[in-house]
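So the chains spell out like this:
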Amino acid sequence: MLKLDFHPAGRHFLQIPGPSPVPDRILRAMSYPTIDHRGPEFGALGLQVLAGIKKIFKTEQPVVIYPASGTGAWEAALTNTLSPGDTVLMYETGHFATLWKKMAEALGLKPEFLGLPGIEGWRRGVQADLIEERLRKDGGHQIKAVCVVHNETSTGVTSDIASVRRAIDAAGHPALLLVDTISGLASADYRHDEWGVDVTVSGSQKGLMLPPGISFNAVSKKAIDASKSARLPKAFWGWAKIIEMNATGYWPYTPNTNLLYGLAEALDMILGEGLDNTFARHERLALACRKAVTAWGLEIQCADPSVYSPVLTGVMTPEGFDADAIRKTIYENFDMSLGTGLGKMKGKMFRIGHLGEANDLTLMATLAGCEMGLKLAGVKLAGSGVQAAMEALTTQKKKPDLKVA
Ligand code: PLP
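Definitions and cut-offs
Residues numbered from 1 in each chain as written. Predicted model: local features only at pLDDT ≥ 70, side-chain atom pairs only at ≥ 80, totals over all residues. Heavy atoms only, no water. UniProt positions renumbered as here; feature names shortened; annotations may be inferred. Salt bridge = Lys/Arg side-chain N within 4 Å of Asp/Glu carboxyl O. Helix = DSSP H or I, 4+ residues; strand = E, 2+ residues; numbered from the N terminus. Domains from an automatic or database assignment. Contact = heavy atoms within 4.5 Å. Buried area = accessible area lost by both parts, 1.4 Å probe. Polar contact = N/O pair within 3.5 Å; in protein donor to acceptor, adjacent residues only side chain to side chain. Nonpolar A, V, L, I, M, F, W, Y, C, P; charged D, E, K, R; others polar. Buried < 20%, exposed > 50% of the residue type's maximum accessible area, 1.4 Å probe, protein only. Axes fitted to C-alpha atoms, helices over the stretch in contact; angles between N-to-C directions. Parallel < 35°, antiparallel > 145°, perpendicular 65-115°, else oblique. Left-handed = near helix turned anticlockwise from the far one by under 90°. Pairing = 2+ DSSP bridges.

- As annotated in an unreviewed UniProt entry, the protein carries the name Serine--glyoxylate aminotransferase and comes from Herbaspirillum frisingense.
- Taken directly from UniProt, the Sequence similarities (unreviewed entry) text for the protein runs: "Belongs to the class-V pyridoxal-phosphate-dependent aminotransferase family."
- Quoted verbatim from the Cofactor (unreviewed entry) field of UniProt, the annotation for the protein is "pyridoxal 5'-phosphate".

Given below as structure tokens:
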């Protein structure tokens, strides 16, 4: 039996930017008995989730579902489309962009890492003009793919993917566009087809409100064509066999049956709310969260208001305060987990997740936990963030001024 006595009364506040709390409806759906993955009931479930997930990616094209974490789907995107030694243009938005680049190196690709210098690049989204400029210089079309992270979970910065598409087109370059929206999907507006993305990578444990364990590649026709001649080794990750078997709702291996029950339920919840309503709810909560941070007198990690993330808010801690010590104080006193600073931001920031099933009261409780924890840790606050957030939520109930701090 798992020992859970480290959780005191009430529920643990899991306010990291994923995994996000799993709603009771989904937990219950996942507790159905596991069925034969070659039997008729499973085929119906497979077809249901494969059709439903396309609506979330806003695509008419295949979405491949893997029983793997997001990292697996990163690898799948690269190995299905590229060959050893291929140059790929990647963009440094933060820790996850850096990890994807390291993976590309490990796979024998040649990633070029664009970005603004130092911390500045981790505080702003992708600068599409830098991508266009670089592609224009690549007359011989050595660059085979452009890889960007849509919602950088390490910073709370969302990038404008449509602008990256426009940059590639303006340069008249044939490179594929590969996008990681592992933490953006189903929380931040995302349009695989309209934005001309060739492979979109995502995962289950963020906006989809599922536990970790399934991940996705939404693929374009151009990506599928590229996969026919791509020479990086792949077996488990290969799209062709999976897409072939998905036509009847099955997989070439044992799929993650109970997580797929959960996915069916999550799709029902999200599509029931309406995707645009889901996005508006996230924008509204994010706005209230930013109001709180500003009222505390602390700095938001994202320095460009036009790309504030609706999924999470990165909070920079004042000089002399270790962000992880503050997180520890909050965890120990209020049973709440906040995201740690990653990579270059270690110790300098914490991250508040407001994704998935987040609502007004979960946000308010989260901010109260932060405010009390900051005070206990000795941070001198300029004012009450809780008060400011309540003000925002009560005055901006229906139509929030979405991108204003
Ligand atoms: N990319 C982003 C933007 C992420 O947020 C994460 C995980 O948080 C990953 C990639 C890696 O995914 P996973 O940890 O599910 O393998």
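1. Here we look at the pattern of salt bridges
(1) Moving on: For the coordinates displayed, the defined rule picks out 23 salt bridges.
(2) Moving on: Residue Arg136 pairs with Glu132 through a salt bridge whose shortest N-O separation is 2.7 Å. Taken together, the residues Arg136 and Glu132, both in helix H5 (residues 128-136) and four residues apart, mark about one turn of the helix.
(3) Moving on: One salt bridge connects Glu332 with Lys328, and the closest N-O pair in it is separated by 3.2 Å. Taken together, the residues span about one helical turn, with Glu332 and Lys328 both in helix H11 (residues 323-334) at a distance of four residues.
(4) Moving on: A single network of salt bridges, built from pairs that share partners, joins Lys58, Asp189, Arg191, Glu194 and Asp276.

2. Let's talk about the domain arrangement of the protein
(1) Moving on: Split into domains, the protein comes out as domain 1 (13-20 + 274-395) and domain 2 (24-271).
(2) Moving on: Centre-to-centre separation of domain 1 and domain 2, based on C-alpha positions: 27 Å.
(3) Moving on: In this complex, domain 1 contributes 33 residues to the contact, which on the side of domain 2 involves 34 residues.
(4) Moving on: Roughly 2,600 Å² of surface becomes buried between domain 1 and domain 2 when both sides are summed, with 58% attributable to carbon and sulfur atoms.
(5) Moving on: The largest per-residue losses of area from domain 1 upon contact with domain 2 belong to Leu275, Phe279 and Lys344, which jointly make up 22% of the total buried on that side.
(6) Moving on: Inspection of the region where domain 1 meets domain 2 yields three salt bridges.
(7) Moving on: Of the charged contacts, one joins Lys58 and Asp276 as a salt bridge, the two residues approaching to 3.8 Å between their closest N and O atoms.
(8) Moving on: Scanning the region where domain 1 abuts domain 2 turns up 17 residue pairs in polar contact (both at pLDDT 80 or more).
(9) Moving on: Of all the secondary-structure elements, those providing two or more residues to the side of domain 1 that touches domain 2 are helix H10 (275-296), strand S11 (299-300), strand S12 (312-316) and strand S14 (349-353).
(10) Moving on: If one sorts the elements of the side of domain 1 that touches domain 2 by residue count, H10 sits on top with five residues.
(11) Moving on: Residue classes in the side of domain 1 that touches domain 2 are distributed as 17 nonpolar, 10 polar and six charged.

3. What to know about the UniProt feature "modified residue: N6-(pyridoxal phosphate)lysine" (unreviewed entry) in the protein
(1) Moving on: Here the UniProt-annotated "modified residue: N6-(pyridoxal phosphate)lysine" (unreviewed entry) positions come out as Lys206.
(2) Moving on: For Lys206, the position within the fold is in the loop between strand S9 (199-203) and strand S10 (215-219).
(3) Moving on: Looking at Lys206, the relative accessible area reads 7%, which means it is buried.
(4) Moving on: In this structure, Lys206 is in contact with Pro17, Gly18, Ser20, Thr153, Ile182, Ser183, Leu355 and Gly356, ignoring residues within four places of it in sequence.

4. Some thoughts on the packing of helix H2 (residues 40-57) against helix H9 (residues 257-273)
(1) Moving on: Their axes nearest at 9 Å, the elements H2 and H9 cross at an angle of 45°. Classified by the angle their axes make, H2 and H9 are oblique. Crossing handedness for the pair H2 and H9: left-handed. Where H2 abuts H9, its residues Phe42, Leu45, Gln48, Val49, Gly52, Ile53, Lys55 and Ile56 lie against Thr257, Leu260, Tyr261, Leu263, Ala264, Leu267, Ile270 and Leu271.
(2) Moving on: Taken together, the residues of the contact of H2 with H9 sort by class into 12 nonpolar, three polar and one charged.

5. Brief notes about the UniProt feature "domain: Aminotransferase class V" (unreviewed entry) in the protein
(1) Moving on: UniProt feature "domain: Aminotransferase class V" (unreviewed entry): in the numbering of this structure it lies at residues 48-292.
(2) Moving on: Along residues 48-292 the backbone is 43% helical and 16% strand, and the end-to-end C-alpha distance reaches 41 Å.

6. Here's the deal with the side chain of His173
(1) Moving on: Residue placement: His173 occurs in the loop between helix H6 (161-170) and strand S8 (176-180).
(2) Moving on: Of the residues examined, His173 reaches a relative accessible area of 5% and is grouped as buried.
(3) Moving on: Among the polar contacts listed, one links the side chain of His173 to the side chain of Asp138, at a separation of 2.7 Å.
(4) Moving on: Side-chain polar atoms of His173 contact the backbone nitrogen of Ala175, separated by 3.0 Å.
(5) Moving on: Setting aside residues no more than four positions away along its own chain, His173 makes contact with Leu135, Asp138, His141, Ile143 and Ile168.

7. Regarding the sheet that holds S10
(1) Moving on: Spatial ordering of the open sheet is given by S2-S10-S9-S8-S5-S3-S4, a layout of seven strands whose pairing is mixed. If you trace the sheet from one side to the other, it starts and ends with strand S2 (63-66) and strand S4 (110-114), each paired once. Here the strands of the sheet are splayed against their neighbours by 20° on average, with no regard to which way each runs.
(2) Moving on: Across five bridges, the pairing between strand S5 (residues 143-149) and S8 is parallel. Paired with Cys147 across the bridge in S8 is Leu178.
(3) Moving on: Contacts from helix H3 (residues 70-81) reach S2, S5, S8, S9 and S10 within the one sheet, and its direction differs from that of S9 by about 165°.

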